[in-house]
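So the chains spell out like this:
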Amino acid sequence: MREGVHYEVDDTTGIVTFSEPPNRDVSVTAGYEFDVPVRFDTDRLQVSMAGFRAGEVPSVPVVEIRL
């Protein structure tokens, strides 16, 4: 389990348990991260170092792999 300020999240089930329920007028929001298996959609990538800026990543075409 990961602990938050006033809640716990069970990583196995995804259930969020509050130490105290939030007030009715309080919005509860969540952000999510998940992994999707993919493969490259091309055999070559066109990259130009002349136009490269630090922190910039060229577009890399990928295709989702359905399991």
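My aim in this report is to walk through the structure given alongside it, one point at a time.

Rules and cut-offs
Residues numbered from 1 in each chain as written. Predicted model: local features only at pLDDT ≥ 70, side-chain atom pairs only at ≥ 80, totals over all residues. Heavy atoms only, no water. Helix = DSSP H or I, 4+ residues; strand = E, 2+ residues; numbered from the N terminus. Buried < 20%, exposed > 50% of the residue type's maximum accessible area, 1.4 Å probe, protein only. Contact = heavy atoms within 4.5 Å. Areas by Shrake-Rupley, 256 points an atom, 1.4 Å probe, with all protein chains shown as cover. Patch = residues over 30% accessible without salt bridge, like charges linked within 9 Å, V, L, I, M, F, W, Y side chains within 5 Å. Salt bridge = Lys/Arg side-chain N within 4 Å of Asp/Glu carboxyl O.

1. Observations regarding the overall build of the protein chain
Phase 1: When helices and strands are counted, the protein chain shows 0 helices and 5 strands.
Phase 2: Put simply, the protein chain has 67 residues, and 1% of those count as buried.
Phase 3: Taking as baseline every contact in the protein chain between residues at least 6 positions apart, the subset at least 24 positions apart corresponds to 26%.
Phase 4: Element-wise, carbon and sulfur atoms account for 51% of the exposed surface of the protein chain, whose accessible area totals about 7,000 Å².

2. Let's talk about a nonpolar patch on the surface
Phase 1: A contiguous nonpolar patch, built from Phe34, Val36, Val38, Phe40, Leu45, Val60 and Val62 and spanning about 660 Å² of accessible area, is present on the exposed surface.
Phase 2: Given a relative accessible area of 45%, Leu45 falls into the partly exposed group.

3. Looking at the environment of Thr17
Phase 1: Turning to its location among the elements, Thr17 is positioned in strand β3 (residues 16-18).
Phase 2: With 11 residues separating them in the primary sequence, Thr17 and His6 have C-alpha atoms 8.7 Å apart.
Phase 3: Those residues in contact with Thr17 that sit more than four places away from it in its chain are His6, Tyr7 and Glu8.

4. Concerning the environment of Val63
Phase 1: The residue Val63 is located in strand β5 (residues 62-64) in this model.
Phase 2: According to the relative accessible area criterion, Val63 is partly exposed, its value standing at 27%.
Phase 3: Expressed as a C-alpha distance, the spacing of Val63 and Val38, which sit 25 residues apart in the sequence, is 5.4 Å.
Phase 4: In this structure Val63 touches Pro37, Val38, Arg39 and Asp41, once residues within four positions along its chain are discounted.

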